[in-house]
Amino acid sequence: MPGVSARGLSYGERRQLAVNLTRVLELYRPILDAYIIEFFTDNLWGTLPCSWQEALDGLDPPQLATLLLGMPGEGEVVRYRSVWPLTLLALKSTACALAFTRTPGFQTPSEFLENPSQSSRLTAPFRKHVKPKKQHEIRRLGELVKKLSDLTGCTQVVDVGSGQGHLSRFMSLGLGLMVKSIEGDQRLVERAQRLDQQLLQVLAKVEKRNPRVVQRGRCLPHHVVKWVDPIDLCEELLLPLESTQHGGTRLLLTGLHACGDLSVALLRHFCCCPEVVALASVGCCYMKLSDPGGYPLSQWVAGLPGYELPYRLREGACHALEEYAERLQKARPDLRTHCYRAALETVIRHACPELQRPGVQGIPRVHELKIEEYVQRGLQRVGLDPQLPLNLAALQAHEAQENRVVAFFSLALLMAPLVETLILLDRLLYLQEQGFHAELLPIFSPELSPRNMVLVATKMPLGQAFSALETEDS
């Protein structure tokens, strides 16, 4: 999708973009605030302008992907079957124009052309136990951290929320960085340490066969079990692994999909701690941000009318737009899940009015079930009698509106990148208000990694060096 480049915007342009985003999100908040499972109980279709209903009614999923989301299939020609209202066209254009572009600045052949399970750009030892998505992410982020470390003269990288240590292992044993890994889950740390030893054994065998393949002197990441508080500074995070002879410790903080408040904690440590001179953070799970505290961070956004982003909007910003567009293009049968769940909600509220929007554990192979079978299983999962008498005619009438449900959900998803853009823009402005240099770079393929923007910050001007961080190595 087209959009505005996050890199290179002036401080004034960033502030104006925040103004524009809050205005647009406030205008269309009823759509963003809506829960798709209340499609029937709250008559969500009826809340749309009549002209929008006429334009969207009857569109099948591939048409929605092409005409509404602006993501046509390969070689597909965009043709509107009717004249769309200007207000709907304006929304579509605005959603594309104001969102940060998610297209990386490099153009190289896919690293998974030869084998969809193995990145051709990551050596075999670092692919073991790592899924393709994570292979792509640890390589791209690790290489960026290496460049940023060299540019800023960092003596140590701190990987916060390191999980099983895949990124830490690649940065330390693959790229030669000194790495401290901080993870709050003891089990994940123990797993990471076992994987460290397994990788060491593999690398030793590779080096024995060909000493030029693996460089000597690389250290294992140092793992620490520690929860990083979003408010209080973490002393363990700041401790150096070894003393430096020339100058003080210079730390680079990184986090791959730092969940919720963890991404905010990284920002605060960067701003408050003189030892931290650089940051490379990929945030995720915006719905887990503390309210207040996690958003807004900048004084500018906090002073704008309509800046508020309640849970529903932040949760929607985490959806994978490219993946959903692909599902629409292929008209996958699992698209009916939203319709079935909305129909189930009508039955739940009729049987138990005080029980609203309960969580329903995943029901396998929904697309193979009749709607009444799904409802019966859903009732059982929320603790209600699965044998309740059902109005089959009403359920079938709901099922007939499946494309309308998908259309409404697609409308909300069209605007989801605007919410993510505002959250990330707020972080950029916060860092600039503190006097630091910050950029946002799309470094992952959005088809592989929905949260593909890395926030890079330094305490020294890097000028055009930021461009080098985004490029793909040959």
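Because the structure is a prediction, the values reported are computed rather than measured.

Asks: Is there a simple way to think about the packing of aromatic side chains in this case?
Replies: To describe a pair of aromatic rings, you give the distance between the ring centres and the angle between the ring planes. For the structure on display, the rule yields seven aromatic pairs. When the ring of Phe270 is compared with that of Phe436, the centres are 5.1 Å apart and the planes differ by 70 degrees; the resulting orientation is edge-to-face. Linking Phe270 in helix α11 (residues 261–272) with Phe436 in the loop between α18 (402–433) and β6 (437–442), this pair joins segments that are 166 residues apart in sequence. We note that Phe270, like Phe436, is buried. Aromatic ring contacts, followed pair by pair, group Phe39, Phe40 and Phe408 into a single cluster. In this arrangement the basic side chain of Arg312 is found over the ring face of Tyr35, its NZ or CZ atom lying 5.5 Å from the centre. For Lys459, the ring lying beneath its charged end belongs to Phe270, and the centroid distance is 5.1 Å.

Asks: Explain the side chain of Glu402 to me, please; I cannot follow it from the model alone.
Replies: Note that Glu402 resides in helix α18. You can call Glu402 buried: its relative accessible area is 19%. Residues contacting Glu402, with those up to four places away along its chain left out, are Leu335, Arg336 and Cys339.

Asks: Looking at this structure, I do not really get the sheet that holds strand β3 (residues 222–225). What am I missing?
Replies: Strand pairing within a sheet occurs via backbone hydrogen bonds; the two strands may be parallel or antiparallel. Taken in spatial order, the seven strands line up as β3-β2-β1-β4-β5-β7-β6 in an open sheet, and their pairing is mixed. Looking at strand neighbours, the two that pair on one side only are β3 and β6, the edges of this open sheet. Averaged over all adjacent pairs, the angle separating strand axes in this sheet is 15 degrees, with direction ignored. Both strand β1 (residues 156–160) and strand β2 (residues 179–183) contribute to a ladder of four bridges, which runs parallel. Bridging from a neighbouring strand, Val158 pairs with Lys180 of β2.

Cut-offs applied
Residues numbered from 1 in each chain as written. Predicted model: local features only at pLDDT ≥ 70, side-chain atom pairs only at ≥ 80, totals over all residues. Heavy atoms only, no water. Phe/Tyr/Trp six-rings, centres within 6.5 Å; stacked < 30°, edge-to-face > 60°. Helix = DSSP H or I, 4+ residues; strand = E, 2+ residues; numbered from the N terminus. Buried < 20%, exposed > 50% of the residue type's maximum accessible area, 1.4 Å probe, protein only. Lys NZ or Arg CZ within 6 Å of the ring centre and 35° of its normal. Contact = heavy atoms within 4.5 Å. Pairing = 2+ DSSP bridges. Axes fitted to C-alpha atoms, helices over the stretch in contact; angles between N-to-C directions.

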